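Report on the structure
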Number of protein chains: 2
Amino acid sequence: MKCGMGPEVRDLEEVSINLDPIQAGGRLTADAMKAVIAYGDGYSVCDHCVRPNRLDYIKKPGIEQFHKDLAGFIGMDQVRVVPGARRGFQAVARTYICKGDPVLVTSLSHYTEFLAIEESGGIPFEVQAGEDRIVSADAVAETIEEVIRREGRNPQLFFLDHVDYQFGNFHPVRDLIKVAHTYDIPVLYNGAYTVGIIPVNGRDIGADFVVGSGHKSMAAPAPSGVLGTTSERSDEVFRTTKVRGDRTGRTFGIKEVEMMGCTLMGVTLIGMMASFPHVKERVRHWDRELSNAEMILGSLLSIEGTEVLSEYPRRHTLTRVDTTKSFDVVAKKHKKKGFFFTSSLKEKGITGIIQGATRVWKYNPYGITREQAQYVALSFREIAQENGLNTI
Amino acid sequence: MKCGMGPEVRDLEEVSINLDPIQAGGRLTADAMKAVIAYGDGYSVCDHCVRPNRLDYIKKPGIEQFHKDLAGFIGMDQVRVVPGARRGFQAVARTYICKGDPVLVTSLSHYTEFLAIEESGGIPFEVQAGEDRIVSADAVAETIEEVIRREGRNPQLFFLDHVDYQFGNFHPVRDLIKVAHTYDIPVLYNGAYTVGIIPVNGRDIGADFVVGSGHKSMAAPAPSGVLGTTSERSDEVFRTTKVRGDRTGRTFGIKEVEMMGCTLMGVTLIGMMASFPHVKERVRHWDRELSNAEMILGSLLSIEGTEVLSEYPRRHTLTRVDTTKSFDVVAKKHKKKGFFFTSSLKEKGITGIIQGATRVWKYNPYGITREQAQYVALSFREIAQENGLNTI
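Residues numbered from 1 in each chain as written. Chains lettered and ligands numbered in written order. Predicted model: local features only at pLDDT ≥ 70, side-chain atom pairs only at ≥ 80, totals over all residues. Heavy atoms only, no water.

This brings us to the overall build of chain A. Along chain A, the regular secondary structure elements total 15 helices and 12 strands. Scaling as 2.2 N^0.38, a compact globule of 392 residues should have a C-alpha radius of gyration of about 21 Å, and chain A matches this with 23 Å. Taken over the C-alpha atoms alone, chain A extends approximately 75 × 60 × 35 Å along its principal axes. When each of the 392 residues of chain A is scored for burial, the buried share is 63%. Look at the contacts in chain A between residues 6 or more apart in sequence, and 67% of them connect residues 24 or more apart. Approximately 14,700 Å² of chain A is accessible, and the part contributed by carbon and sulfur atoms is 51%. (Helix = DSSP H or I, 4+ residues; strand = E, 2+ residues; numbered from the N terminus. Rg over C-alpha atoms; globule rule 2.2 N^0.38 Å. Buried < 20%, exposed > 50% of the residue type's maximum accessible area, 1.4 Å probe, protein only. Contact = heavy atoms within 4.5 Å. Areas by Shrake-Rupley, 256 points an atom, 1.4 Å probe, with all protein chains shown as cover.)

So this is what it looks like as structure tokens:
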């Protein structure tokens, strides 16, 4: 079935259990779906825009209040919505990084942080995670010292992922930020896998900036995200325009330079707003999600030869496993080769794992029900047993 | 009625004729509405993303083909989708403008062009439109010469709106671009009010870059837009990442720096794709839209004292009028003051004109039916007559 003359209808979420590592926290709530229908038109939220004519001042619908609530939710003084977490990275990078400036990231940093640095002309320096795949305070201090020795000055900014996208590991952000702050390095806390999933309080953590992703973890349409900061930094990253038309004398009010004026209109913003009450509630039930994740990983680890590459026991649902000594052994002899695994899962109505993967792969059972988690756990074991792998 | 626990439902388009100047061309088609429901989740278009893992290479849904079709539609060699026209401006500005560089705009340029220049550290110089509120080739040449005299070098870029947002006037872009090119100045054609509304061929016009707005003129959700360029310029503005992790040796494939990697996922892109067949069709029927606009303006001009500030006869539906000597005369004595006018319109089910405006205001009847246009034309005259204004 097609959407009129448009693309084929997508029914993946309706007909299967989706374990896609990046899709789990972004699935829309029913309220967001309703809001998206009601506010489909781009400028739909601008019906009642009055002076000073900026998105975050609009009272009907309650965009102004939403900004305040969202600031409270992430424990920062000021927030703006942005077209994706990466545009939050870019705004901060463009504010603090000049050509040739050293910038700190980690060996597990997301590629969009590298791009934000590259786009600003900065030079990234990675803090190497330990053998446990966790970034330590000592490693941060050592890397800063090394940058100072080599570049003759401090890194200008530190991009720090609370939970990294590679292993779903938690890094001790509070300690790492403390180290950075002793060198007066501002820290951007990347909460793409935390904001909207677990409670996050930027002030408690000590972050100068908190970035979250609407479509990754806040049940909002793409591209959407949030950039929050402290009252100390807000005049820098949210600085207002100073430019002036030389002939007309025009100025442009309180539009913000790094936001490029107003940011999220229509479906993206309204979807985020509609999901927000549910998101605020769901972060309080992280234990349920972890419990589901634990059951599924337990099942996988009961298949002889399977290893978990993420920290263990798990503290996040996003998990990376190595099945080179289990499912990949089967793949070598199977007529479908590596595709036997995802193909078997698909037959059982489970999707979201990269097609053909039988060695190292990621999954994320966030947001599925207990019954679905039980079914997934059982299914992994069944596929193993059907293919002659030992289970304990 | 609320969207669940979310915002109030918006039913403006269902219950009224909306003449909002910025909303007219962005209203979703029914197919876009369907697509938005089917692809609400942010990463919904990424189900079948395979190497080289970039949005514009995805074959299912047909995003790769859409990029080719869209390039053909605007007559450019390469296109990318971007989160709003302003993010297209920013990408081009960041590629060509360094700190202190002079950049050409016009006295009618949109504020987001100024912000893109400011964000890049450039200095805008306005080409003054003539008394007819049209930018002339002579004025472009004179301003370039003046910039050269004052700054000792050429402007590095020229932001040129084909149809300006202030008057909805058409500017002779082909001639203006020719002048800029004699000075080797690349030109960004801003088609926020043309791409998706009238046929646009960037190659014919001579543009180096064409930017269009999804939510302003392509019946797509916000934030969305298109940035197209020539094969000569595409390696510059769409340059791929060169950054490398110093510890891990990581590189990031063919992700594009100014695009910040992948750009539009989910509703925004799929909505634009679903509307695209309709948009391709509708640009062929501009005459109908102009005919409606002509009728409405004729009615307004039949009210004694009303003047049109936009070029006349109209070549675009976006129109600015001055009713200081008609409706504003009434407002001075009316118990509702300036609000009598929009309030009377609202009673007749007509909306989108800035509340309380009775002097200079804009409207855009794009996309309404002939019958609705007749009704709007009649309504303006009725309000005039009910309030004792002479009509001819």
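Continuing now.
Turning next to the packing of aromatic side chains. One pass over the structure, following the stated rule, counts 30 aromatic pairs over all chains. Here Phe-341 of chain B and Trp-361 of chain B contribute two aromatic rings whose centre-to-centre distance is 5.2 Å and whose plane-to-plane angle is 50°, an arrangement assigned as tilted. In this pair, Phe-341 of chain B is assigned in helix 14 (residues 339-347) and Trp-361 of chain B in strand 12 (residues 360-363), connecting sequence segments 20 residues apart. Chaining the aromatic ring pairs together yields one cluster made of Phe-327, Phe-340, Phe-341, Trp-361, Tyr-363 and Phe-380 of chain A. The cationic tip of Arg-320 of chain A hangs over the ring face of Phe-167 of chain A; the distance from NZ or CZ to the ring centre is 4.8 Å. (Phe/Tyr/Trp six-rings, centres within 6.5 Å; stacked < 30°, edge-to-face > 60°. Lys NZ or Arg CZ within 6 Å of the ring centre and 35° of its normal.)

Residue and element names in this part refer to chain B. Taking strand neighbours across the sheet as the criterion, the 3 strands line up as 9-10-12 in an open arrangement whose pairing is antiparallel. With one partner strand each, in any of the chains shown, strand 9 (307-308) and strand 12 form the two edges of the open sheet. Judged from the 4 bridges that link them, strand 10 (residues 319-322) and strand 12 form a sheet pairing that is antiparallel. Counted as the bridge partner of Arg-320 is Lys-362 from strand 12. Packed onto the sheet, helix 12 (residues 286-301) meets strand 9, strand 10 and strand 12 and runs at close to 155° relative to strand 12. (Pairing = 2+ DSSP bridges. Axes fitted to C-alpha atoms, helices over the stretch in contact; angles between N-to-C directions.)

Once that is clear, we can look at the environment of Ile-350 of chain B. Residue and element names in this part refer to chain B. With respect to the helices and strands, Ile-350 occurs in strand 11 (residues 350-351). Taking C-alpha positions, Ile-350 is 13 Å from Arg-381, a pair spaced 31 residues apart along the chain. Those residues in contact with Ile-350, other than ones at most four positions away along the chain, are Ile-17, Leu-19, Leu-345, Tyr-375, Val-376 and Ser-379.

The next point concerns the relation of the copies chain A and chain B. Mapping chain A onto chain B leaves a residual RMSD of 0.0 Å; the transformation is a rotation of 180° accompanied by 0.0 Å of translation along its axis. This pairing of chains is accounted for by a two-fold axis. (Least-squares fit on C-alpha atoms with pLDDT ≥ 70 in both.)

We now examine the pairing of strand 7 (residues 209-213) of chain A. All names here are of chain A. In terms of burial, strand 7 is a largely internal element, 5 of the 5 residues being buried. Where burial is concerned, the two faces of strand 7 agree: the one with Phe-209, Val-211 and Ser-213 and the one with Val-210 and Gly-212 are both buried. Sheet topology note: the strand 6 (residues 187-190)/strand 7 ladder contains 3 bridges and is parallel. The partner of Leu-188 across the bridge, within strand 7, is Phe-209. Sheet topology note: the strand 7/strand 8 (residues 225-229) ladder contains 5 bridges and is antiparallel. Of the residues in strand 8, the one forming a bridge with Val-211 is Leu-227.

Once that is clear, we can look at the pairing of strand 6 (residues 187-190) of chain B. Residue and element names in this part refer to chain B. Where burial is concerned, the two faces of strand 6 agree: the one with Val-187 and Tyr-189 and the one with Leu-188 and Asn-190 are both buried. Pairing analysis gives 4 bridges linking strand 5 (residues 158-161) to strand 6, with the strands arranged parallel. Note that in strand 6 the partner of Phe-159 across the bridge is Leu-188. Handedness of the crossover is the feature at issue here: the chain leaves strand 5, passes through helix 7 (residues 173-182), returns alongside strand 6, and the resulting connection is right-handed. (Right-handed = clockwise from strand over helix to strand, strands pointing away.)

For chain A, per-residue confidence averages 97 on the pLDDT scale, and 100% of positions sit at 70 or higher. The ipTM, which scores confidence in the relative placement of chains, is 0.97 for this predicted complex, and the corresponding pTM is 0.98. (pLDDT = per-residue confidence, 0-100.)

A few words on the pattern of salt bridges. Summed over the entire model, instances satisfying the criterion amount to 54 salt bridges over all chains. For Arg-10 of chain B, the salt bridge goes to Asp-41 of chain A, with nearest N and O atoms at 3.7 Å. Here Arg-10 of chain B, found in the segment before helix 1 (12-15), pairs with Asp-41 of chain A, found in the loop between helix 2 (30-38) and helix 3 (63-74), and the two come from separate chains. Asp-41 of chain A shares its class with Arg-10 of chain B; the two are buried. Here Arg-153 of chain A and Asp-101 of chain A are joined by a salt bridge, their closest N and O atoms 2.6 Å apart. (Salt bridge = Lys/Arg side-chain N within 4 Å of Asp/Glu carboxyl O.)

Here we take up the domain arrangement of chain A. All names here are of chain A. Domain assignment breaks chain A into domain 1 (12-23 + 285-386) and domain 2 (44-264). Inter-centroid distance (C-alpha atoms) of domain 1 to domain 2 is 32 Å. On the side of domain 2, 16 residues touch domain 1, which itself brings 14 residues to the contact. At the boundary of domain 1 with domain 2, total buried surface from both sides reaches about 1,300 Å², with 53% on carbon and sulfur atoms. At the boundary of domain 1 and domain 2, one finds 0 salt bridges. Scanning the region where domain 1 abuts domain 2 turns up 9 residue pairs in polar contact (both at pLDDT 80 or more). A per-class count over the side of domain 1 that touches domain 2 returns 6 nonpolar, 3 polar and 5 charged. (Domains from an automatic or database assignment. Buried area = accessible area lost by both parts, 1.4 Å probe. Polar contact = N/O pair within 3.5 Å; in protein donor to acceptor, adjacent residues only side chain to side chain. Nonpolar A, V, L, I, M, F, W, Y, C, P; charged D, E, K, R; others polar.)

For the pair helix 4 (residues 85-96) of chain A and helix 4 (residues 85-96) of chain B, the least separation of the axes is 14 Å and the interaxial angle reads 40°. Here helix 4 of chain B runs oblique to helix 4 of chain A, going by the angle between their axes. Seen along the crossing, helix 4 of chain A lies across helix 4 of chain B with a hand that is left-handed. Contacts between helix 4 of chain A and helix 4 of chain B involve Arg-87, Gln-90 and Arg-94 of chain A on the former and, on the latter, Arg-87, Gln-90 and Arg-94 of chain B. (Parallel < 35°, antiparallel > 145°, perpendicular 65-115°, else oblique. Left-handed = near helix turned anticlockwise from the far one by under 90°.)

Now for the interface of chain A and chain B. If you look at the interface, chain A gives 91 residues, while chain B gives 91 residues. Here chain A and chain B share an interface that buries about 7,700 Å² over both sides, 57% of which is from carbon and sulfur atoms. For the pair chain A and chain B, the interface holds 10 salt bridges. Inspection of the region where chain A meets chain B yields 52 residue pairs in polar contact (both at pLDDT 80 or more). Residue assignment for the side of chain A that touches chain B shows that the elements contributing at least two residues are helix 1 (12-15), helix 2, helix 4, helix 5 (111-120), strand 4 (123-127), helix 6 (137-151), helix 9 (214-217) and helix 11 (266-282) of chain A. Counting residues per element, the side of chain A that touches chain B draws most heavily on helix 5 of chain A, which supplies 8 residues.

All names here are of chain A. Across the sheet, which stays open at both edges, the 3 strands sit in the order 9-10-12 with antiparallel pairing between neighbours. With one partner strand each, in any of the chains shown, strand 9 (307-308) and strand 12 (360-363) form the two edges of the open sheet. Summarising the sheet, strand 9 and strand 10 (residues 319-322) pair through 2 bridges and their orientation is antiparallel. If you follow Val-308 over to strand 10, its bridge partner there is Val-321.

All names here are of chain A. With omega at 10°, the peptide bond leading from Arg-51 into Pro-52 counts as cis. Here Pro-52 shows up in the loop between helix 2 and helix 3. With an omega dihedral of -10°, the bond running from Ala-222 to Pro-223 counts as a cis peptide bond. Positionally, Pro-223 belongs in the loop between helix 9 and strand 8. One non-glycine residue with positive phi stands out, namely Asn-53, at about 55°. Locating Asn-53 in the fold gives a position in the loop between helix 2 and helix 3.

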